Each structure stands twice: as structure tokens, then as C-alpha cells.
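Take a look at the letters that make up each chain.
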Amino acid sequence: MKMNLKVFLIIVFFVNILQGIYTPVIDDEAYYWMWSLKLDFGYFDHPPLIALWIKLSNLLFEQEIGTRFFTILFNTITALLFWKLVEPKTKSAIKLFCITYFSLIFVQIFSFISTPDAPLLFFTVLYLYVLKKYLLQSNYFWTILLGISFAGIMYSKYHGVLVLVFTLLPILNKIYKNGTFYLAIFISLILYSPHFYWLYQHDFPPISYHFVDRSAEEKFDITRTLIYVVTAIGCSLGLLSIYLGKALYKFKPNSSFEKSLWWLAIGPFFFFLFASFKDSVQAQWLAISYIACGVLFYIYFSGKSDLKLLMKIGVINVSILIAGRILVIIPALSPFYETKDFGKSFNELEGDVVAFEKYQEASVFQFYNRDHIGVVYRTLGNRNSQFTMWNDEKLLEEPFIFATKWIQSNDSVVNKKGTYYLQPIKNYMPIHEVNASFLKVNNKLIEGSSIDDVINSSSTFTLQFSNIDLDLFRSKGYELKLLLTKDKQYNIIKDIPITMGDLESVEGNDSVYQFNKEIIFDLEEGEYIAYIGITPPELITKYLSKPLKINLSE
């Protein structure tokens, strides 16, 4: 069969349709599917575009493909635009193009998996195509599309801003005097204003999560950085990555657009390299760079004559990826079926509301059990999520089932993730609105998320609790605690009870209390992380406060 654009797009679309039907959802997809049930202009983790895509897919189909159809549809357009960016003409050029495109690992993954990376890839390629046209002809048509592309990137995922930064900075001297460039920015700001307003309304939760909470426990680890470097390179073009360094090093931009492409290929890699010194980073965040890498790889090698070895390695590379696609639809071999098995294992469960410790578990449960409600009872070691913003814990005022691996009971469900014990809970009082904070240590006001020189042998802590009903807590047997952890939230080194009788109400507010007491830690010197926690009867400890880094000294 002769390969041309039409055949290429048909292959891309139908391969991904079959993949989307027969591959079980991953837990993140189930989580974003939950978002689609409650459309909004923003969410705890990311902007809202993926929720809209899933919602539209659900209007047409059910189950897995009902989560993925619009991702597959827009990925087909992505493939079209990728072709248009390089315009392969000859038989050998088309073969090199296909080898390049189908070797882009994360482009293939997000061609059917519905996470925010999917719309980000689409709008990145659309933006690059529009930018190329705009630099040649900055009329109103391409200006409007440029503004839409700006907004689309930012509605997909926040680190999409790196696409704009690394493509526009190197050519700013060419475009900053062009009035239509500012018109494009204005259009994008108008389109993005609903999300800006949503962020303002909700006190910017994604900013707090991405820049503070997720890195609270992280320390510099050279192993983490080395793993990032290896995976970032290897996940670009698979086996063809051995040629990528040469292509990027020897590539000589012939236009402003090619200069932007080169910076997009290189810039995010170094940005996340520096980020890895402080935080965990993931290879798929570089998918925006891999698009540029793919285009530059094709442009560079399309001008070379002896490509026999490269093409052979490319065929092997694509064959491995095809084998991987087949693998994930085989139940006995696919790790994806572990998630489906988890969700299906609760099909016979009685009771409308089931609480899980992790947002992924609650999401997968509800995806495969749509006549039930999955709720998150967030325990230690598990992060906040969109469930926190929804305040779904209020649903636990009614009797519910708590599914956990850690508290044994007579009833249980066994699946590929392990044994989940089912604990019926009655008369639980939701505590999601209770807030606790560290005010002072040794009469020193705490500013920020850390404090030094905490005396190991004796330190006085001042804690504050708000929205708390002490009489109700006492009657239900809730226990307050000060917890010291090392490295991870669940690695509790010291568990210090907070006696409710020691809490004193703040004058003029009977729902705000303070705890002021001398504490002897008797631990090794060093850095710890403190939390204020609460343990209801028959349930697991959960944290009420944000983490506080403390440095114990003699």
C-alpha cells in the first residue's frame, strides 16, 4: 500500500480507536473522568480542557472509548499538522517521516490516553504550525489563530507556558514591533480570563500544590536527577535517541521558526533538569520538547543520503512500540488490567457510598461502578486532590463503607492490587473543614513552612485549631496528635497526643482554639517534618495541617 497523507491519517485514527476501546483506563484517566462529571473553569491540579474533551466523548460513547474519543480525534489532527510542518514529498521522505512520527514515544502514548498531556500536545503542534505561518504572513487570520493557540496551550497544562517562553524569546526581536503580536496576546488573555477568575475565586490552588505542597518533603538527590536525564533522552525517540544529539548539535536554523524549534527542543530539558534538584520530575513533561525534537530530527536527516542503518533501527524501534501497544490490550500481560480488575472487584458491593484513602482508588471505583459513589477519606501519605475542593467528605455523614488495606475486618475484596478490607462506618462526623496550623515555636512566630533551632530536649509549641467542635469530638472519641515524620508522610517517628482539655478557646470565637505546651522530642538531631493529625474511631489518622519542616538541635 502506497503511503500518503490520507493513508497515514487513516492508520493513525483507526489504530488509536482500537487501542482506545480495548485498553483499560489508567487511574489518572478515571480521575479526569470524574472532573468531566462536574465541568468547571479549573480544577485542583490542572486547567479544565481535558475534562471538556472527556465530557464530549461521553456524550457519544461509554466506557473506555467514552473517555478517549476526542483525544483520538484531536490526535489525528495533530498527526495532520505534524505532516504539514515538514511536508514530506518523496517516497524516502515519507518513510523517514513515518519512522520519526511513530518513534515519538509520548506522542504515541497520548494519542489515545486522556490526560492533560493530550490537549497540550495538540495545541503545541497547532501553535507551531500557526507560528510558522504567522512569521511568514502576520495577517488577522493567523493572528487570531495564534491567540487561540496561546490560550489552548494554557488551558491544557500550566507548564505549557514553557512552549511559549522558549519559542518566543529567541525571536522576540523579530516580533515585538509587530502590533498583531500584541493583538494575539490580547485575544488569548480574553479567552483565558474565565480561568484566571476561577483561580482568583479559589485562592490559586494549583499554584500552592505545584510549587509548595508537592515538593514539601523533597530533598536533593543526585540519583533522581540522573534518572531524569536518562529517561528524558531515552523517551524522546526510543532507539533513535542515539541520533538525536547529533541532529540537535549540528542543526543550523535557516529561519526564525527553526530557531524557535531548536530552543523548544532544548529549553524545557534544562528547565526540568534544574527542577529535579528540588523535586521529582516526569519524562512526559518533556512531550512538548519531543515534538520539536521530532521535527528537527526529520529536517536534519531528510537532507542526508546514507540512512540505511538509521532506517533499520527505526523499523526495529517502531516494531517494539507496536508490540507494546499489543501488550497493553492482553489481559494476562497488561499492567492496565490491574486497574480494571481493581474497579470491577467491587461490582457486588452493597452500600451507595464507598470511601478510599487515595483519589485514584475512588476515581477508578466510580468509573467501573457508576451506580455507587466513590469518596476520598484522605489519610497520611496521600495528597490533596480535586476531591478536597469538592468537599465530598460531607457525604460521609451517612453510613458508608471504608475500603482500606490497613484495618482488617471480616469482609474484604481481593484484586490484583491486594486485599481491601471493608469496614462499615456509622455516625462519622466529617472533619474536612477543620483547620490546624503551627503558630509559634518557643514563642517565635512561624513564618513560612520551616523553622530552625527547635530544641530537642524541650520546646514549646503553639498550635491553632479552627472550625472545631470540641464537645462533639470528645463525645465521638476523636484523638488529636502532633506527628513527626522523616522523609515521607507515613514514616511517623514520633506520635504526641494533644489532650483536648489543654485546648483554650480564643476570646471572641468559640470555634477557634489554641494549644500551648512544652514538648520533649528525645530524637536524634536533624530535619523532620511535623503535622497536626486526627484519628477518628475505626478509621486511620489524617492530617489537618500543612507540613512544617523543623530542625531539631540540642
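Report follows, based on the coordinates. In this text the structure is predicted, and so the values were computed from the model without any measurement.

The final tally for this structure, using the stated rule, is 59 aromatic pairs. Ring plane angle 15° and centroid distance 6.2 Å describe the contact between F97 and Y101, whose orientation is recorded as stacked. Of this pair, F97 and Y101 both sit in helix 5 (residues 91-103), 4 residues apart, roughly one helical turn. Here Y101 falls in the buried class, since its relative accessible area comes to 1%.

As a further point, take the environment of T419. Along the chain, T419 turns up in strand 5 (residues 418-425). Note on T419: relative accessible area 29%, which makes it partly exposed. Separated by 16 residues in the primary sequence, T419 and A403 place their C-alpha atoms 9.5 Å from one another. Aside from chain neighbours lying at most four places away, what touches T419 is T404, K405, S412, V413 and V414.

Moving on: the packing of helix 5 against helix 16 (residues 287-302). Interhelical geometry of helix 5 versus helix 16 gives an angle of 150° and a closest axis separation of 10 Å. It follows that helix 5 is roughly antiparallel to helix 16 by the angle criterion. As for the relative orientation of helix 5 and helix 16, their crossing is right-handed in sense. Here A93, L96, F97 and T100 of helix 5 come into contact with helix 16, specifically with G294, F297, Y298, F301 and S302. The class makeup of the residues in the contact of helix 5 with helix 16 is 6 nonpolar, 3 polar and no charged.

With respect to the helices, strands and loops of the structure, I17 is situated in helix 1 (residues 5-22). Given the relative accessible area of 13%, I17 is considered buried. In the structure, I17 is positioned 318 residues away from P335 in sequence and 20 Å away in space, judged by C-alpha atoms. Not counting chain neighbours up to four residues away, the residues in contact with I17 comprise I65, F69 and I72.

Next up on the list: helix 5. The terminal C-alpha atoms of helix 5, which comprises 13 residues, lie 18 Å apart, in line with the 18 Å expected from a rise of 1.5 Å per residue. Buried residues dominate helix 5, accounting for 10 of its 13 residues. Of the surrounding secondary structure, the elements contacted by the buried residues of helix 5 are helix 1, helix 4 (65-86), helix 6 (105-109), helix 13 (222-237), helix 16 and helix 17 (308-327).

This part takes up the sheet that holds strand 13 (residues 509-519). By way of backbone hydrogen bonds, the strands of a sheet pair with one another, either parallel or antiparallel. On the basis of which strands lie adjacent, the open sheet formed by 5 strands has the order 7-6-9-13-12 and antiparallel pairing. Across the chains shown, the open sheet's two edge strands, defined by having one partner strand only, are strand 7 (444-445) and strand 12 (503-506). Relative to strand 13, strand 12 is paired through 4 bridges, and the arrangement is antiparallel. The partner of V506 across the bridge, within strand 13, is N509.

To continue, consider the layout of surface pockets. Of the volumes computed, that of the second largest pocket is approximately 370 Å³. Taken together, 16 residues make up the lining of the second largest pocket; nearest its centre are I11, V15, Q19, I322 and R325. Elements that contribute at least two residues to the lining of the second largest pocket include exactly helix 1 and helix 17. It is helix 1 that contributes the most residues to the lining of the second largest pocket, 7 residues altogether.

What follows is about the sheet that holds strand 1 (residues 353-356). With respect to topology, 5 strands assemble into an open sheet ordered 2-1-3-5-4, the strand pairing being mixed. Two strands in the sheet have a free side with no partner beyond their single neighbour: strand 2 (373-376) and strand 4 (412-415). The average undirected angle you get between the axes of adjacent strands in this sheet is 30°. Inspection of the sheet shows strand 3 (residues 400-404) paired to strand 5 by 5 bridges, in the antiparallel sense. For T404, the partnering residue across the bridge sits in strand 5 and is Y421.

Running from N to C, helix 7 (residues 117-136) and helix 9 (residues 161-168) point in directions that differ by 25°, and their axes come no closer than 11 Å. In terms of their interaxial angle, helix 7 and helix 9 are classed as roughly parallel. The element helix 7 and its partner helix 9 pack so that their crossing is right-handed. Here T124, Y127, L128 and L131 of helix 7 lie close against helix 9, whose contacting residues are V163, L164, T167 and L168.

Turning our eyes to something else, we now look at the pattern of salt bridges. Overall, the coordinates contain 10 salt bridges when judged by the stated rule. A salt bridge links E29 to R68, with the nearest nitrogen and oxygen atoms 2.7 Å apart. Taken together, the residues E29 in helix 2 (residues 27-36) and R68 in helix 4 connect sequence positions 39 residues apart. The exposure classification of E29 matches that of R68, with both residues buried. Between D502 and K517 there is a salt bridge, with its nearest N and O atoms 3.3 Å apart.

Next up on the list: the nonpolar core. Ranked by internal contacts, the top residues of the largest apolar core, which has 135 residues, are F8, Y127 and F346. Looking at which element gives the most residues to this core, the answer is helix 7, with 14 residues. Sequence-distant contacts of F346, that is, excluding residues within four places in its chain, are made with F356, F365, N369, A403, V413, N415, Y420 and L422. The next biggest cluster of nonpolar side chains, apart from the first, holds 47 residues, and it includes L396, Y428, A436 and A530.

So, how was this worked out
- Residues numbered from 1 in each chain as written.
- Predicted model: local features only at pLDDT ≥ 70, side-chain atom pairs only at ≥ 80, totals over all residues.
- Heavy atoms only, no water.
- Phe/Tyr/Trp six-rings, centres within 6.5 Å; stacked < 30°, edge-to-face > 60°.
- Helix = DSSP H or I, 4+ residues; strand = E, 2+ residues; numbered from the N terminus.
- Buried < 20%, exposed > 50% of the residue type's maximum accessible area, 1.4 Å probe, protein only.
- Contact = heavy atoms within 4.5 Å.
- Axes fitted to C-alpha atoms, helices over the stretch in contact; angles between N-to-C directions.
- Parallel < 35°, antiparallel > 145°, perpendicular 65-115°, else oblique.
- Left-handed = near helix turned anticlockwise from the far one by under 90°.
- Nonpolar A, V, L, I, M, F, W, Y, C, P; charged D, E, K, R; others polar.
- Expected span 1.5 Å × (residues − 1).
- Pairing = 2+ DSSP bridges.
- 1 Å grid on protein atoms, 1.4 Å probe; cavity = no way out; pocket = protein on both sides within 12 Å on 5 of 7 lines; lining within 4 Å.
- Points joined across faces, edges and corners; volume = space filled by probe spheres on them.
- Salt bridge = Lys/Arg side-chain N within 4 Å of Asp/Glu carboxyl O.
- Core = buried A, V, L, I, M, F, W, Y, C linked by side-chain atoms within 4.5 Å.

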